[in-house]
Amino acid sequence: MGRLIVIEGLDGSGKGTQAALLLKRLRESGKDVFEIDLPNYADNSSALVKMYLAGEMGNRPGDVNAFAASTFFAVDRYASFKKFWSKEYESGKIIVANRYTTSNACHQMTKLEKKGWDSFLSWLFDFEYVKLGIPEPDCVVFLDMPVETSQKLLEKRYNNDESKKDVHERDIDYLNHCRDAAIYACEKLGWKRIVCAEGGEPKSVEKISDLVFQTISEYI
């Protein structure tokens, strides 16, 4: 089997950029790698995800409960694995994932009282890794970008057009709770947390890339 490296983070944290840079560096070092980007918006499997994020099931994240929303994303991941990268993983390639099951741990767990977080994580990982049978990550890197900093980056991405934000991106309180949940998961599950800002300003893309590469080196 291959290795599954997950780049995780909240909206605007630079996950896509860092996943692409990691892929490039691994290839330059002679590694056989394959990139996946989740949710897979180009595939029909993401239909429920797109409906949820567009607000068709409610204008706030909590309008769809943690378990229902998690299954939307899980089905998309299962389809992605079966259709697009199971052979690459089984042949021994390194898979670099921009988001994965870990996103549900960050985003959906916050819909529950904290006393239910551990049982939710147990349900989530059993559902996806055991019952659905998709691979469990070898390493999860959480890009910890403070919400106020990531919001500035999102504003640049969307040219200050708030209408372009999905139901997660526009809810600041929700995103702050998600960051709390992610830090909890880092401590409980051994995710690798990379602090991506200093003094309210993001670290350079190159600096973060160096930290990501150093972090995942022992797993490849």
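Quick notes on the rules
- Residues numbered from 1 in each chain as written.
- Predicted model: local features only at pLDDT ≥ 70, side-chain atom pairs only at ≥ 80, totals over all residues.
- Heavy atoms only, no water.
- Helix = DSSP H or I, 4+ residues; strand = E, 2+ residues; numbered from the N terminus.
- Rg over C-alpha atoms; globule rule 2.2 N^0.38 Å.
- Buried < 20%, exposed > 50% of the residue type's maximum accessible area, 1.4 Å probe, protein only.
- Contact = heavy atoms within 4.5 Å.
- Pairing = 2+ DSSP bridges.
- Axes fitted to C-alpha atoms, helices over the stretch in contact; angles between N-to-C directions.
- Parallel < 35°, antiparallel > 145°, perpendicular 65-115°, else oblique.
- Left-handed = near helix turned anticlockwise from the far one by under 90°.
- Expected span 1.5 Å × (residues − 1).
- Bend = angle between axes of the 7 residues up to and from the residue.

Participant: For the overall build of the protein, give the residues involved together with the corresponding values.
Facilitator: Scanning the protein from terminus to terminus reveals eight helices and seven strands. Scaling as 2.2 N^0.38, a compact globule of 220 residues should have a C-alpha radius of gyration of about 17 Å, and the protein matches this with 17 Å. Viewed in the frame of its principal axes, the protein has a C-alpha envelope of about 45 × 45 × 35 Å. Scored against the burial criterion, the 220 residues of the protein give a buried share of 51%. Considering only contacts within the protein whose residues lie at least 6 apart along the sequence, 77% involve residues at least 24 apart.

Participant: Mind laying out the sheet that holds strand β3 (residues 94-98), listing which residues take part and the relevant values?
Facilitator: Strand pairing in a sheet relies on backbone hydrogen bonds, with the paired strands running either antiparallel or parallel. In spatial order, the strands read β2-β3-β1-β4-β5; together these five strands make up an open sheet with parallel pairing. The open sheet terminates on both sides in strands that have one partner only, identified here as β2 (33-37) and β5 (192-195). Within this sheet the neighbouring strands show an average axis-to-axis angle of 20 degrees, counted without direction. Strand direction decides the pairing type here: strand β1 (residues 3-9) and strand β4 (residues 139-144), joined by five bridges, are parallel. Residue pairing for β4: Gly9 is matched across the bridge by Leu143. Along the sheet face, helix α3 (residues 66-90) touches β1, β2 and β3 and points at about 150 degrees away from the line of β2.

Participant: Mind laying out the packing of helix α1 (residues 15-28) against helix α8 (residues 205-216), listing which residues take part and the relevant values?
Facilitator: With their axes 10 Å apart at the nearest point, α1 and α8 run at an angle of 60 degrees to one another. By the angle between their directions, the pair α1 and α8 is classed as oblique. Handedness of the crossing formed by α1 with α8: right-handed. Contacts from Thr17, Gln18, Leu21, Leu22, Arg25 and Leu26 of α1 reach α8 at Val205, Ile208, Ser209, Asp210, Val212, Phe213 and Ile216.

Participant: Run through helix α5 (residues 117-132), naming residues and quoting values.
Facilitator: For α5, with 16 residues, the first-to-last C-alpha span of 21 Å sits near the 22 Å given by 1.5 Å per residue. Of all the bends in α5, the largest measures some 30 degrees and sits at Asp126. Listed in full, the buried residues belonging to α5 are Trp117, Phe120, Leu121, Leu124, Phe125, Glu128 and Tyr129. In this structure, the buried side of α5 is in contact with α3, α4 (101-107) and α7 (172-189).

Participant: Go over the pairing of β4 with me, naming the residues and quoting the values.
Facilitator: With six of six residues buried, β4 is to be regarded as a mostly interior element. Residues Cys139, Val141 and Leu143 line one face of β4 and the alternating positions Val140, Phe142 and Asp144 line the opposite face, and both faces are buried. Sheet analysis places β4 next to β5, joined by four bridges and oriented parallel. Bridged to Asp144 within β5 is Val195.

Participant: Talk me through the side chain of Glu128; I want residue IDs and the actual numbers.
Facilitator: Tracing the backbone through its elements, the reader meets Glu128 in helix α5. Setting aside anything within four residues of it in sequence, one finds Glu128 in contact with Ser70, Ala74, Arg77, Thr101, Asn104, Gly133 and Ile134.

Participant: Report on unusual backbone geometry, specifying residues and quantitative values.
Facilitator: With glycine set apart, most residues show a phi of negative sign, and most peptide bonds adopt trans. Of note, the amide linkage connecting Leu38 to Pro39 takes the cis form, showing an omega dihedral of -5 degrees. Backbone geometry places Arg99, a non-glycine residue, at a positive phi of 80 degrees. With respect to the helices, strands and loops of the structure, Arg99 is situated in the loop between β3 and α4.

From the geometry alone we can't say anything about function, so treat these as descriptive.
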